[in-house]
Amino acid sequence: MSIRQLFRMGMVTVALLGALPAAATTQLRVDLSQLSRDSDTVIHGVVRRVESRWSGDGRRIVTDVEVEVKEPLKGQPGNTVLVTQPGGQVGDIGQVVHGLASFKTGEEVVIFLRKRGTQAFRLSGEAQGKYQVQRDAAGKPAMAVPEPTEALLLDPVTRQPTTAVEKPRTLAELKAAIRAALTEPTP
């Protein structure tokens, strides 16, 4: 093969690879009703601690999020819950897992949780399982804003990419929708 043919083959390969979509985290989109039903626990609370650490085997970084429960909306979580998720930063070393929610100390949240062992939880639906509660000084009703996600969301039926996402709503509307979902018959 001549150098010219090798060059052409290389250019064709580069062009074909450039046409492929970039790798991204993909998740099935979960609506609020399904999220409510599929979760073991749903709480309205305040983040009290966010701390990253090495996993027990020393191979990964995980982040523990301790949340003080203001109101249980499903389940019997106790006064606090511990949410553990992959990724975080310990010293100069960090691990990023796309599609997960981020937490800040003092942040007010509504979170949908699945049991993970006897003491810990993980978010249901990854970032889709977190709403940030935003309050304004003017006395307007508190808003529940869904966590943005970097993940590519797929429609659960067609498995095609979708742009449909949950919209912000008042905290009272969110709680009412969760309670309504929990009383609906399972489809």
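As a reminder, the structure under discussion sits directly above these lines.
Residues numbered from 1 in each chain as written. Predicted model: local features only at pLDDT ≥ 70, side-chain atom pairs only at ≥ 80, totals over all residues. Heavy atoms only, no water.

With respect to the overall build of the protein
Worth spelling out the cut-off: Numbering of helices and strands runs from the N terminus; a helix is a DSSP stretch of H or I covering at least four residues, while a strand is a stretch of E covering at least two. Using a 1.4 Å probe on the protein chains alone, a residue whose accessible area is under 20% of its type maximum counts as buried, one over 50% counts as exposed, and one in between counts as partly exposed. A contact between two residues is defined here by any heavy atoms of the two lying within 4.5 Å. All accessibility values rest on the Shrake-Rupley procedure with a 1.4 Å probe; residue burial counts only the protein chains present in the view.
Looking only at helices and strands, the protein has three helices and 12 strands in total. Residues classed as buried in the protein amount to 35% of the 187 residues present. Taking contacts inside the protein between residues at least 6 apart in sequence as the whole, the part at least 24 apart equals 63%. Summed over its atoms, the accessible surface of the protein is roughly 11300 Å², and 55% of this surface lies on carbon and sulfur atoms.

With respect to the pairing of strand E2 (residues 41-54)
What counts is decided by this rule: The criterion for strand pairing is that DSSP finds at least two bridges linking the strands in question.
Looking at chain direction, E2 and strand E7 (residues 108-116) are connected through six bridges and run antiparallel. Pairing of Gly45 across the sheet is with Val109, part of E7. Here E2 pairs with strand E3 (residues 61-74) via 12 bridges, running antiparallel. Note that in E3 the partner of Arg53 across the bridge is Val62. In sequence, E2 turns back onto E3 through a hairpin of six residues, with Gly58 there showing a positive phi of about 75°.

Some words on the packing of aromatic side chains
A ring pair, where both rings are aromatic, is described by two values, the distance of the centres and the angle of the planes. The condition is simple: What counts as a ring pair is set by centres within 6.5 Å for rings of Phe, Tyr and Trp (its six-membered ring), and what kind of pair is set by the plane angle: stacked under 30 degrees, edge-to-face over 60, tilted for all other angles.
Going through the model one piece at a time under the given rule, you end up with one aromatic pair. Relative to Tyr131, the ring of Phe112 lies with its centre 6.1 Å away and its plane at 55°, an arrangement referred to as tilted. In this pair, Phe112 is assigned in strand E7 and Tyr131 in strand E9 (residues 130-134), connecting sequence segments 19 residues apart. In this structure Phe112 comes out as buried when scored by relative accessible area, which is 0%. The exposure class assigned to Tyr131 is buried, which follows from its relative accessible area of 1%.

A short note on helix H3 (residues 171-183)
Test applied: A helix is expected to reach a length of 1.5 Å times the quantity of its residues less one. Summarising the geometry, the arc corresponds to the directions from the helix axis toward the C-beta atoms.
Its 13 residues place the ends of H3 19 Å apart at the C-alpha level, agreeing with the 18 Å of an ideal helix rising 1.5 Å per residue. For H3, the complete set of buried residues consists of Leu171, Leu174, Lys175, Ile178 and Ala181. Looking straight down H3, one finds that the buried residues subtend no more than 125° of arc, so they occupy a single side. Turned more than 90 degrees away from the buried face of H3 sit Ala172 and Thr183, all of them exposed.

Some thoughts on the nonpolar core
The condition is simple: Within this scheme, the nonpolar core is defined by two criteria: the residues are buried Ala, Val, Leu, Ile, Met, Phe, Trp, Tyr or Cys, and they are joined through side-chain atoms within 4.5 Å.
Membership of the largest hydrophobic core comes to 15 residues, with the highest contact counts inside it found for Val67, Val81, Ile111 and Leu113. The set of elements that each furnish at least two residues to this core consists of E2, E3, strand E4 (80-86), E7 and strand E8 (120-123). In contact with Val67, not counting residues within four places along its chain, are Ile43, Gly45, Val46, Val47, Arg48, Asn79, Thr80, Val81, Val109 and Ile111. In terms of nonpolar packing, the next biggest core, distinct from the first, is built from 14 residues, Val133, Ala142, Leu174 and Ile178 among them.

Comments concerning the side chain of Thr84
How we decide: Throughout this description, a polar contact denotes any pair of N or O atoms lying within 3.5 Å of each other; where both atoms belong to protein, one of them has to be capable of donating a hydrogen while the other can accept it, and for residues adjacent in sequence the pair is counted only when both atoms sit in side chains.
Counting through the fold element by element, Thr84 comes out in strand E4. Residue classification places Thr84 among the buried residues on the basis of a relative accessible area of 7%. A distance of 2.9 Å separates a polar atom in the side chain of Thr84 from a polar atom in the side chain of Asp64. Setting aside chain neighbours within four positions, we find Thr84 in contact with Arg53, Val62, Thr63, Asp64, Arg116, Ala120, Phe121 and Arg122.

As for the environment of Gly88
Relative to the helices and strands, Gly88 is located in strand E5 (residues 88-90). Along the chain, Gly88 and Ser102 lie 14 residues apart, while their C-alpha atoms are 9.7 Å from each other. If near-sequence neighbours (up to four positions away) are discounted, Gly88 is found in contact with Ser52, Ile61, Thr63, Ile93, Gly94 and Gln95.

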